[in-house]
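Descriptive structure summary
Residues per chain are reported as follows:
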Amino acid sequence: MNLEFYNNRDQTIRHWARSPLPFIGQKKDFLNEFIDKVVWTIPAGSLVVDLFGGSGLLSHCVKYYRPELRVICNDLDNFRERLQKIPETNIVRRIFFKRFGRRTNNDAYEKLTGADADFIHETLNRFPGYDWITLSNMVSGCSERIRAKRKTFTNKVKVFDYRCDGYLVGVVATLVNLSTISKASASFGLSTHRMRSEKKDTERI
Ligand SMILES: C[S@@+](CC[C@H](N)C(=O)[O-])C[C@H]1O[C@@H](n2cnc3c(N)ncnc32)[C@H](O)[C@@H]1O
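Note that the coordinates shown come from a computational prediction; the quantities given were computed from them, not determined experimentally. Every residue gets a number counted from 1 within its own chain, in the order that chain's sequence is written. Selection of residues for local features in this predicted model requires a pLDDT of at least 70, selection of side-chain atom pairs for listing and counting requires 80 or more, and totals for whole chains, interfaces and linings are taken over all residues.

The next subject is the overall build of the protein. We count a stretch as a helix when DSSP gives it H or I for four or more residues in a row; a strand needs E for two or more, and each element gets its number in order from the N terminus. If you tally the helices and strands in the protein, you get eight helices and eight strands. A buried classification covers 26% of the 205 residues belonging to the protein. Whether two residues are in contact is decided by their C-beta atoms, placed from the backbone, lying within 7 Å. The long-range fraction of contacts in the protein, counting pairs at least 24 apart against all pairs at least 6 apart in sequence, stands at 67%. Counting other C-beta atoms within 10 Å of each residue's C-beta, where C-beta atoms are placed from the backbone, gives the exposure class: buried for 20 or more, exposed for 12 or fewer, partly exposed between.

The subject of this paragraph is the environment of V172. By the secondary structure assignment, V172 is in strand β6 (residues 172–174). Taking the C-beta count within 10 Å as the criterion, V172 has 18 such neighbours and is therefore assigned partly exposed. Considering only alpha carbons, one finds V172 and E4, 168 residues apart in sequence, at a separation of 5.4 Å. Apart from the residues lying within four places of it in its own chain, the contact partners of V172 are L3, E4, F5, V71 and I72.

Before going further, it helps to examine the packing of helix α4 (residues 86–100) against helix α6 (residues 132–139). As a packed pair, α4 and α6 sit with axes 10 Å apart at the nearest point and diverge in direction by 15 degrees. Considering their axes alone, α4 and α6 lie roughly parallel with respect to each other. Both α4 and α6 take part in a crossing whose hand is right-handed. Across the interface between the two elements, T89, V92, R93 and F96 from α4 touch T134, L135, M138 and V139 from α6. Of the residues belonging to the contact of α4 with α6, the class tally is five nonpolar, two polar and one charged. To get an axis, fit a line to the C-alpha atoms, keeping to the stretch in contact for a helix; angles then go from 0 to 180 degrees between the N-to-C directions. Angles are sorted into four bins: roughly parallel if under 35 degrees, roughly antiparallel if over 145, roughly perpendicular if 65 to 115, and oblique for all others. Crossings are sorted by hand: turned counterclockwise from the far helix by less than a right angle, the near helix makes the crossing left-handed, and turned clockwise it makes it right-handed. Note on residue classes: Ala, Val, Leu, Ile, Met, Phe, Trp, Tyr, Cys and Pro are nonpolar, Asp, Glu, Lys and Arg are charged, and everything else, Gly too, is polar.

With that out of the way, let us pick up the site of the ligand. Should the C-beta atom of a residue, placed from the backbone, lie within 6 Å of a molecule or strand, that residue is near it. Looking at the ligand, there are 20 residues lining it, with G25, F52, G54, S55 and L178 nearest. Elements supplying a minimum of two residues to the shell around the ligand: α2 (57–65) and α8 (178–187). Counted by class, the shell around the ligand contains six nonpolar, nine polar and five charged residues.

Everything listed is a geometric property; what it means functionally is a separate question.
Next up, the structure:
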C-alpha cells in the first residue's frame, strides 16, 4: 500500500465546493448533506478512509471541516496525476483560448472543424503531458481513443487556468483495488459481498 501526501503540507487548505478538474461522478451535488450528516458526526480521533476516492472531493471536505482527523483517500483513478499535470494542461488551454476562446457563443457551443480541428490535433501532439480528460472536456466530450480520429470538436474552452491550490492538503493518498482488500479481509474471516452496480471486480467489505 503506497501512502503519500497529495499536496505540500505547508500549504493552507482552502474550500473547494467541486473538484478542481472535471470528474464524472464527483459528489458536488451532495456536499451539503455529506457535511451535515457525515462530516460533523465522525467521532473525534477517527481515521477516515475514503475508499472510492475519485476526485477526492469528499476527502477534501472532511479535512477542511475536521482538520484534526486523519484522512486517507484511495485513488484508484490516479486523480493525483491529473492534478500534477495542471501546468501542462494550462499551456494547451491558453493556446486554445487564444485561437477559439472569444468565438464562443453563449447560446450554443461552437463546432470546430477543418483547419480548427487540424490545429487541435497538432497542438495536442506538440504539447504532450497534459491531462487528456480535462482537455477532451474542453474541446469535445469524447474519449482519448475516439478523439485521435475526430474531425469535429466542440468549443468549451475555459476562460481561466485550472488550479488546485489548497485542495487536498494533509490528505494521504493510496492506490488500492478494493477487490484486493476484500480478498485479504476474507482471509481474516470478515464478510464480503459483491456490489451489483459497481465494476465487475468491485466488492464491498
Ligand atoms: C463515483 S466515483 C467516487 C466519487 C468521489 N466520491 C467524488 O466525489 O469524486 C467511484 C470511484 O471508485 C473507484 N473504484 C471503482 N472500483 C474500485 C475498486 N475495485 N477499488 C477501488 N476503487 C474503485 C472508481 O475508480 C472511482 O474513482
